Amino acid sequence: MQPSLGHPAPTFTQTTYLSSLLHFLSSWHPHGSSAYLSSSSSSLRSSGASLTTRPSGRAKSRAPLNSSVRTKYFMASPETTTVIAVWGAITGTIGTFAGLIGLWLRFKQQAQDKRKLTCKSSFGFDSPSHPTHRITVRSLGKRPVTLDHIRYYLTPRTRWHRLTKWAQHKRGRWLWKQEPRHAIKLADGEKTELRIALPDGISISEVYKVAVVDQTGKAWQTWWPSHRELLRIATSEELEVERQTVGLCIVQAVGYRLGDRYFIQTEFKGQGAGSGQITGRGFWFMDKDKYKLKLADITKRQMPAFLSREINEIT
């Protein structure tokens, strides 16, 4: 049979290639059975090739040199290759971003599930004998936290201890522990305010660091001002005292610096104030100059007028 004009007859190399391909498919294909080989053999017989079976059960192709076998080759166009490459780049980029977003959300959720406290100190005075220094503790984690105590780190008073203060703190020295009167448990979003209470003999200016410790032993750092700022906003001092008496009439004015504000406390007793009863009045000032003007008005004008019974009270 003569080969057709449109399709050249297969050479010996092509026949050997088909035989090797059939051996490879029969070795790994899930349907590499005798049925599969029979169907392959039928297709080869229709094209003029024949199969023989080896002792191992595999088929061996023997195609005559003058048989007619059609071989088709498929090759994608450059446009198709470009589209596939662009689509692969787009989907790969989207997958990468999706993976990063998922990882970030997981870490965010894990951080929210942990215990977290924010602690901040504040300072103030209601009167010369009543400071309102406190520590505000707020829970921001989803897990509840139970507070155990407040730990104050004190500046050692000796030079050697100041040089080795970290070692001194590890030994429990130059520390003050303030325990709340009752157990405090904070859920997510709750807060509490703890009054700063130091024993006699310890000034608040000696504290340089504060931590709130929960029942697990974890210490939460508290915002605490520097030593210079602490002296300005958390300490008090008596500035001036003016006292005048005439008989049973008594009038007194004391000037204070309470943190970053100024205060004048007046006390007076006389005819206008009632027999045997002392009356007092306080004045707050944010500006030192206004404080001095008011104190001068009280001591130089109002006190003499009160003692001479021209006025009945200090205003």
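Note that this is a predicted model, so its numbers are computed, not measured. (Residues numbered from 1 in each chain as written. Predicted model: local features only at pLDDT ≥ 70, side-chain atom pairs only at ≥ 80, totals over all residues. Heavy atoms only, no water.)

Engineer: Teacher, can you tell me more about the overall build of the chain here?
Structural biologist: The helix and strand inventory of the chain stands at seven helices and 16 strands. Taking all 315 residues of the chain together, the buried fraction comes to 31%. Of the contacts formed within the chain by residues at least 6 apart in sequence, a portion of 54% connects residues at least 24 apart. (Helix = DSSP H or I, 4+ residues; strand = E, 2+ residues; numbered from the N terminus. Buried < 20%, exposed > 50% of the residue type's maximum accessible area, 1.4 Å probe, protein only. Contact = heavy atoms within 4.5 Å.)

Engineer: When you look at the sheet that holds strand S15 (residues 261-269) in this model, what are you seeing that I'm missing?
Structural biologist: Strand pairs in the sheet, formed through backbone hydrogen bonds, run parallel or antiparallel to each other. Strand order in this open sheet of four strands is S13-S14-S15-S16, and the pairing throughout is antiparallel. Looking at strand neighbours, the two that pair on one side only are strand S13 (236-246) and strand S16 (279-285), the edges of this open sheet. If you compare each strand with its neighbour and ignore which way they point, the axes differ by 15 degrees on average. The pairing of S15 with S16 spans seven bridges and is classified as antiparallel. Note on S16: the bridge partner recorded for Ile 264 is Phe 283. (Pairing = 2+ DSSP bridges. Axes fitted to C-alpha atoms, helices over the stretch in contact; angles between N-to-C directions.)

Engineer: Please clarify how the nonpolar core should be interpreted in this entry.
Structural biologist: Note on soluble globular proteins: their nonpolar side chains tend to be buried together. The biggest cluster of nonpolar side chains holds 23 residues, and the ones touching the most others in it are Leu 117, Phe 123, Ile 135, Val 137, Leu 147, Tyr 152 and Trp 224. Taken together, the elements giving at least two residues each to this core come down to strand S3 (117-122), strand S6 (134-139), strand S7 (145-154), strand S9 (184-186), strand S11 (207-214) and helix H6 (227-233). The dominant element in this core, judged by the number of residues it contributes, is S7, at five residues. If we ignore the near neighbours within four places in the chain, the residues touching Val 137 are Leu 117, Thr 118, Cys 119, Leu 147, Leu 186, Glu 190, Lys 191, Thr 192, Leu 194 and Val 212. Counting residues in each nonpolar core, the second largest holds 15 residues, with Val 251, Tyr 262, Phe 268 and Phe 285 among its members. (Core = buried A, V, L, I, M, F, W, Y, C linked by side-chain atoms within 4.5 Å.)

Engineer: What is the right way to look at the confidence of the model for the chain in this model?
Structural biologist: Close inspection of predicted coordinates is inappropriate for parts of the model with low pLDDT. Model confidence for the chain is summarised by a mean pLDDT of 79, while 72% of its residues fall at 70 or above. This model gives residues 1-15 a pLDDT under 50, and the stretch forms 14 contacts once residues within four places in sequence are excluded. Note that pLDDT drops below 50 for residues 28-69; the model gives that stretch 53 contacts with residues more than four away or on any other chain. (pLDDT = per-residue confidence, 0-100.)

Engineer: When you look at unusual backbone geometry in this model, what are you seeing that I'm missing?
Structural biologist: Of all residues except glycine, most have a negative phi; of all peptide bonds, most are trans. Backbone geometry at Trp 174 places phi at a positive 55 degrees, although glycine is not the residue there. Here Trp 174 lies in the loop between helix H5 (165-170) and strand S8 (175-178). For Trp 174, a relative accessible area of 24% puts it in the partly exposed group. The phi angle at Arg 309 is positive, at roughly 65 degrees, despite the residue not being glycine. Relative to the helices and strands, Arg 309 resides in the segment after helix H7 (288-307). Here Arg 309 falls in the exposed class, since its relative accessible area comes to 53%.

Engineer: Looking at this structure, how should I read H7?
Structural biologist: Because an α-helix packs 3.6 residues into every turn, residues spaced three or four apart end up facing the same way. Taking 1.5 Å as the rise per residue, H7 with 20 residues should run 28 Å; its terminal C-alpha atoms sit 27 Å apart, in good agreement. Of all bends in H7, the biggest is about 35 degrees, found at Ile 298. Of all the residues in H7, the buried ones are Tyr 291, Leu 295, Ile 298, Thr 299, Gln 302, Met 303, Ala 305, Phe 306 and Leu 307. Next to the buried residues of H7 lie S13, strand S14 (249-258), S15 and S16. Backbone nitrogen of Asp 289 and a side-chain oxygen of the N-cap are separated by 3.0 Å at the start of H7; the cap is Asp 287. Trailing H7 by a residue or two, Arg 309 shows a phi angle of about 65 degrees, which is positive. (Expected span 1.5 Å × (residues − 1). Bend = angle between axes of the 7 residues up to and from the residue. Polar contact = N/O pair within 3.5 Å; in protein donor to acceptor, adjacent residues only side chain to side chain.)

Engineer: How do you make sense of the pattern of salt bridges when you look at a structure like this?
Structural biologist: If charged atoms from side chains of opposite charge come close, those side chains can pair. Following the criterion strictly, the structure yields seven salt bridges and no others. Its salt-bridge partner being Glu 237, residue Arg 257 comes within 2.7 Å of it at the nearest N-O pair. Placement of the pair is Arg 257 in strand S14 and Glu 237 in strand S13, with a sequence separation of 20 residues. Here Arg 257 falls in the buried class, since its relative accessible area comes to 14%. The residue Asp 297 makes a salt bridge to Arg 301 at a minimum N-O spacing of 2.7 Å. Here the residue Asp 297 and the residue Arg 301 both occupy positions in helix H7, the gap between them amounting to four residues, near one helical turn. (Salt bridge = Lys/Arg side-chain N within 4 Å of Asp/Glu carboxyl O.)

Engineer: Is there a simple way to think about the pairing of strand S12 (residues 219-223) in this case?
Structural biologist: Along a regular strand, successive side chains alternate from one face of the sheet to the other. Every second residue of S12 is oriented toward a common face, the buried set being Trp 220 and Thr 222 and the non-buried set Ala 219, Gln 221 and Trp 223. Both S3 and S12 contribute to a ladder of two bridges, which runs parallel. Directly across from Cys 119, in S12, lies its bridge partner Thr 222. Of the pairings in the sheet, the one linking S11 to S12 comprises three bridges and is antiparallel in character. Within S12, the residue paired with Val 212 across the bridge is Trp 220. Taking the residues that link successive antiparallel strands as the turn, the S11-S12 hairpin has four residues, and the phi of Gly 217 there is positive, at about 95 degrees.

Engineer: What is the right way to look at the pairing of S13 in this model?
Structural biologist: Bridge count for S13 against S14 is 10 bridges, and the pairing is antiparallel. Paired with Gln 244 across the strands is Val 251, a residue of S14. Joining the antiparallel neighbours S13 and S14 is a turn of two residues, in which Gly 247 adopts a positive phi near 65 degrees.

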